[in-house]
Amino acid sequence: MTTPLFSNQVIDSAQLAQYQHQQVTPLQPTHIKANVVLRLISTGIVLLLLAVARWQTISPFSAEAQENLSIALMVVAALALMLNIYGYFADKAKGYVLRESDISFYTGVFFKKVVIQPLLRLQHIELKRGPIERKLDLATIQVFSAGGALHTFELPGLYHQDALALRQFILAHKDVSAHE
Amino acid sequence: MNKWQRVSSIAWLHFFVKNLMLIVNNAIYLIPIIFTSYDKILAYPLWVAAGVAGILSLLLLVAFLQYYFFKYRLNDQNIEIHAGVIFKTHLDLPFTRIQNVKLISPVYFRPFGYTTLELDTAGSAKNEANIVAVARELAEQLKATILSYQQSHQAETEAELMQSETESLEQEQLLNQRSLKDLVIHGITNNRVWIFLAILAPMAETIIDNVIDVGLSLGIDLEELFFGPGHPWWELTLYVVSTIILAYIIVMLLSVIGSIIAFYGYKLTRKDENYIQRSGLLSHHEVVMKLSRLQLIIRQQDWLDVLIKRINLKFEQLNMISHGKQGGLRSKLMVPSVTLEECSELINEVWPLSKLETIDYKPINKRFMFKYIGVIIVPFHLLVIGFFAFNEQYALIPLVLVSGALMSSLVWARWRRWGFNRDENYLYIRKGLLGVDYYCFPINKIQQVKFKQSVLLRRHQLCCVTFVTAASSLTIPFIDQELGWDYLSRSLYQVESSKQNWM
């Protein structure tokens, strides 16, 4: 194809899609809850291991090592607390918007980020489900563009049905099929 | 043509060399072991010889098997390749998915007139296809078949089809070639040492060992040279300075050699919609790019280039690295060290509508400087000053101030280079530090866009916007939030409403 000849109408930017004022669909509460529990469990295990190492009496460490372990325990506990709080709000901040010809993914508590993927430029789309997601009837959608691996993004926390419908919608989209 | 066929039997040479290189590359880690157990190895020369012979014959056998199992078949619209001895692969590649056809003639194929046909695809590394060892004419013929198929199947209207048919009668038209002088300039202004190093890499450690040995045998002891007693400080400084200059000259010399190896006989031609780059001293490289595959033009100048008014003009296609493939300089289309006029001519030839060199670039917000100077440079230097003051080393404080000023001026230089603009068809970005790079890509080829904003940026209503194309992703930092959204939504509107193909 040669470089296109262009139609050049004047466009009023107020009439264009207002990506900054979109109604964002948040992730499923089940997914957020599951993440909270998972984070609590995994940080809990680390803390527990440290605590066991600190106070076990089978073969006690030297006093100095025990003191260091206590400090480590406090640092890890503080980090774990922050991770749990931040993780919750980070999940809360995530969301997506599906429009006629593009899909936007919103993330970020301190660093807001919006990725907008025109459906026309989708290479393919994949449904991913881990064991926990299968249990909770959730799914993650992975979106691939020709921009390459660095710019692949994931939409987690969708109900399996919704994810299937979303994939169906995207695959059946005239732009995507026209592209193939 | 649609029967399964083997490549020329000379292919075993290719497989043999490839496997041998693989082993040599991995055996580098063995060199210290061999070195330390040198005496023991010498004690059993027969065993060593038998071992080497065994490995070589095994390699020969494997190479033969690889050749034996390598078959390909060309159909009307796709190419199939069967390969693999233990792990078999079957590749089915439609012509329309082929991004790029390259002919590579390694040194060991050239006396026999054979070449390797490399087919790049848009997919991942798994789909890469090579047809090794085909006769030169056959390879050209295959390439022509694939390209002409693509041409006839991608021309969308009949008019375009007819046009391309009449055009294909055209001869290749020479657009640019580089003389030896240009390549020397290119070697000096651009560090091409690595091309040289890449060739030497398998032998690197042996070379370094030998250099040290030679140095020792000549009675040069570096420790004695630099830190021995009886050398006044100026003598030492002289040593250091002259060593650095010497090293610099050697590096530059190697870089010039590297540049000549990579770009010797450089020619850029155009045939129909295809741009063809041919170059190389040891192995000829040919890169073919269809005009519609071009994603991004980069007009690149290092600081030395700015001084002597030369430009590296890059034509970027699909980014191979982000698709998990070996990319490298040689698979790219780049016209090395062109003059200003040649550069304008080439840009005009490829994308006549592009205003890369003429458009006014808008500056980014000055807060860009505050961020780097205020958040990183100043606090860091204050810390260092505090440290020196605490240790009462006041003499060092001016040095810190100089360093702070220098770094701040670099940030200023960086800010000054940043620029962006757009017109109906293209987006333009300028950046650099001492050198300057201009980027230009069609808005229609955007794959994805991103909007980013930190807490600090939000307070000042600023943002960063990123445009992802198949060639790379480009970010404009620190622009007004409204302007950023305007750029994004207009670009998206253009992509989504015009529905043009990006390939």
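This structure is a prediction, so every number in the text was calculated from the model and none was measured.

Trainee: What should I look at first to understand the overall build of chain A in this one?
Mentor: From N to C terminus, chain A includes 5 helices and 7 strands. Per-residue burial over chain A gives 19% buried out of 180 residues. Sequence separation of at least 24 residues holds for 48% of the intrachain contacts in chain A that already meet a minimum separation of 6.

Trainee: Is there a simple way to think about the overall build of chain B in this case?
Mentor: A count of helical and extended segments in chain B gives 17 helices and 20 strands. Within the span of chain B, comprising 503 residues, buried residues form 29% of the whole.

Trainee: Sorry, what's going on with the environment of Ser279(B) here?
Mentor: Residue and element names in this part refer to chain B. Examined against the element boundaries, Ser 279 turns out to sit in strand E10 (residues 274-279). As a C-alpha pair, Ser 279 and Gln 177 span 102 residues in sequence and 9.6 Å in three-dimensional space. Those residues in contact with Ser 279 that sit more than four places away from it in its chain are Ala 262, Phe 263, Tyr 264, Gly 265, Tyr 266 and His 285.

Trainee: When you look at the sheet that holds strand E1 (residues 25-26) of chain A in this model, what are you seeing that I'm missing?
Mentor: Two strands in a sheet stick together by hydrogen bonds in their backbones, pointing the same way (parallel) or opposite ways (antiparallel). Within the open sheet, the 7 strands sit side by side as E1(A)-E2(A)-E3(A)-E4(A)-E18(B)-E19(B)-E20(B). Their pairing is antiparallel. Only two strands of the sheet have a single partner each, and these edge strands are E1 of chain A together with strand E20 (473-480) of chain B. Pairing of strand E3 (residues 102-107) of chain A with strand E4 (residues 112-118) of chain A, which is carried by 6 bridges, proceeds in the antiparallel orientation. Of the residues in E4(A), the one forming a bridge with Tyr106(A) is Val114(A).

Trainee: Would you mind going over the packing of helix H1 (residues 11-27) of chain B against helix H4 (residues 45-69) of chain B with me for this structure?
Mentor: When two helices pack together, their arrangement is given by the angle between the helix axes and the distance between those axes. All names here are of chain B. One can describe the packing of H1 onto H4 by two numbers: an axis separation of 8 Å at closest approach and a directional angle of 130 degrees. Taken together, the axes of H1 and H4 lie oblique to each other. Considering the relative orientation of H1 and H4, their crossing is right-handed. On H4, the residues that touch Ala 11, Trp 12, Phe 15, Phe 16, Asn 19 and Leu 20 of H1 are Leu 59, Leu 60, Val 62, Ala 63, Phe 64, Gln 66 and Tyr 67. In terms of residue class, the contact of H1 with H4 is made up of 11 nonpolar, 2 polar and no charged.

Trainee: Hey, could you run me through the sheet that holds strand E6 (residues 138-145) of chain A in this one?
Mentor: All names here are of chain A. One open sheet holds the 3 strands; their spatial order is E5-E6-E7, and the pairing between them is antiparallel. The sheet is open, and its two borders are formed by strand E5 (122-128) and strand E7 (153-159), each paired with just one other strand. Between one strand axis and the next, the sheet turns by 20 degrees as a mean value, whatever way the strands run. Bridge count between E6 and E7: 5 bridges; the pairing is antiparallel. Counterpart to Gln 142 in the pairing with E7 is Glu 154. Contacting E5, E6 and E7, helix H4 (residues 160-172) crosses the sheet at an angle of about 130 degrees to E7.

Trainee: Mind showing me how you'd approach the packing of helix H14 (residues 367-390) of chain B against helix H15 (residues 397-417) of chain B here?
Mentor: Residues and elements named next belong to chain B. One can describe the packing of H14 onto H15 by two numbers: an axis separation of 10 Å at closest approach and a directional angle of 170 degrees. Relative to H15, the element H14 lies roughly antiparallel. On H15, the residues that touch Phe 368, Met 369, Tyr 372, Ile 373, Ile 377, His 381, Val 384, Ile 385 and Phe 388 of H14 are Ile 397, Val 400, Ser 403, Gly 404, Met 407, Ser 408, Val 411, Trp 412 and Trp 415. By residue class, the composition of the contact of H14 with H15 is 14 nonpolar, 4 polar and no charged.

Trainee: How should unusual backbone geometry be read in this particular structure?
Mentor: When glycine is set aside, most residues are seen to have a negative phi, and most peptide bonds are trans. Residue and element names in this part refer to chain B. Notably, Ser 337 is not glycine yet its phi reads approximately 45 degrees, a positive angle. Mapped onto the elements, Ser 337 comes out in strand E14 (residues 333-339). For Ser 337, a count of 28 C-beta atoms within 10 Å translates into the label buried. We note that Glu 392 has phi near 55 degrees; this positive angle belongs to a residue other than glycine. Within the secondary structure layout, Glu 392 lies in the loop between H14 and H15. Accessibility expressed as a C-beta count within 10 Å gives 7 for Glu 392, which makes it exposed.

Trainee: What should I look at first to understand the nonpolar core in this one?
Mentor: Generally speaking, nonpolar side chains in soluble globular proteins are found buried as a group. Residue and element names in this part refer to chain B. One finds Ala 11, Leu 117, Val 449, Val 465 and Leu 488 to be the most contacted residues of the largest nonpolar core, which totals 100 residues. Here Val 465 is in contact with Val 449, Lys 450, Phe 451, Thr 475, Ile 476, Ile 479, Gly 484, Tyr 487 and Leu 488, once residues within four sequence places are set aside. Counting 6 residues, the second-largest nonpolar core is a separate cluster that includes Ile 260, Ala 262, Phe 263 and Tyr 266.

Trainee: Help me understand the environment of Phe263(B), please; the structure alone is not making it clear to me.
Mentor: Residue and element names in this part refer to chain B. Positionally, Phe 263 belongs in helix H11 (residues 233-263). For Phe 263 and Ser 279, which are 16 residues apart along the polypeptide, the C-alpha to C-alpha distance reads 4.9 Å. Apart from residues no more than four positions distant in its own chain, Phe 263 is found in contact with Arg 178, Leu 183, His 186, Ser 279 and Pro 336.

Trainee: Where do I start with the confidence of the model for chain B in this structure?
Mentor: Fine structural detail should not be taken from predicted coordinates in areas where pLDDT scores are low. Residue and element names in this part refer to chain B. Across chain B, pLDDT averages 81, with 83% of residues at or above 70. Looking across chain B, the model is least confident in helix H6 (residues 158-167), with a mean pLDDT of 45, and most confident in strand E16 (residues 426-431), with 95. Within the model, the stretch residues 155-167 combines pLDDT values under 50 with 8 contacts to residues more than four positions away or in other chains. This stretch, residues 322-327, has a pLDDT under 50; its non-local contacts, to residues over four places away or in other chains, come to 15 contacts. As scored by the predictor, the complex reaches a pTM of 0.69 and an ipTM of 0.84.

Trainee: Sorry if this is basic, but what is going on with the pairing of E16(B) here?
Mentor: Two faces, one strand: in a regular strand the side chains alternate between the faces of the sheet. Residues and elements named next belong to chain B. Burial analysis of E16 places 6 of its 6 residues in the buried class, the great majority of the element. With burial as the criterion, each face of E16 is covered, one bearing Tyr 426, Tyr 428 and Arg 430 and the other bearing Leu 427, Ile 429 and Lys 431. Inspection of the sheet shows strand E15 (residues 419-422) paired to E16 by 4 bridges, in the antiparallel sense. The partner of Phe 420 across the bridge, within E16, is Ile 429. Hairpin connection between E15 and E16: a loop of 3 residues separates the two successive antiparallel strands.

Trainee: Could you clarify how one ought to interpret H4(B) in this entry?
Mentor: An α-helical segment advances 3.6 residues per turn. Residues three or four places apart therefore align on the same side. Residue and element names in this part refer to chain B. Taking 1.5 Å per residue as the helical rise, H4 with its 25 residues ought to reach 36 Å, and the 36 Å between its terminal C-alpha atoms agrees with that figure. Residues of H4 that are buried: Ala 63, Gln 66 and Tyr 67. Considering only its buried residues, H4 is in contact with H1.

Trainee: Could you clarify how one ought to interpret the confidence of the model for chain A in this entry?
Mentor: On average, chain A scores 83 in pLDDT, and the residues at 70 or more come to 85%. By mean pLDDT, the top-scoring element of chain A is helix H2 (residues 63-93) of chain A (93), and the lowest-scoring one is helix H5 (residues 174-179) of chain A (52).

What counts, and at which threshold
- Residues numbered from 1 in each chain as written.
- Chains lettered and ligands numbered in written order.
- Predicted model: local features only at pLDDT ≥ 70, side-chain atom pairs only at ≥ 80, totals over all residues.
- Helix = DSSP H or I, 4+ residues; strand = E, 2+ residues; numbered from the N terminus.
- Buried ≥ 20, exposed ≤ 12 C-beta atoms within 10 Å, placed from the backbone.
- Contact = placed C-beta atoms within 7 Å.
- Pairing = 2+ DSSP bridges.
- Axes fitted to C-alpha atoms, helices over the stretch in contact; angles between N-to-C directions.
- Parallel < 35°, antiparallel > 145°, perpendicular 65-115°, else oblique.
- Left-handed = near helix turned anticlockwise from the far one by under 90°.
- Nonpolar A, V, L, I, M, F, W, Y, C, P; charged D, E, K, R; others polar.
- Core = buried A, V, L, I, M, F, W, Y, C linked by C-beta atoms within 7 Å.
- pLDDT = per-residue confidence, 0-100.
- Expected span 1.5 Å × (residues − 1).

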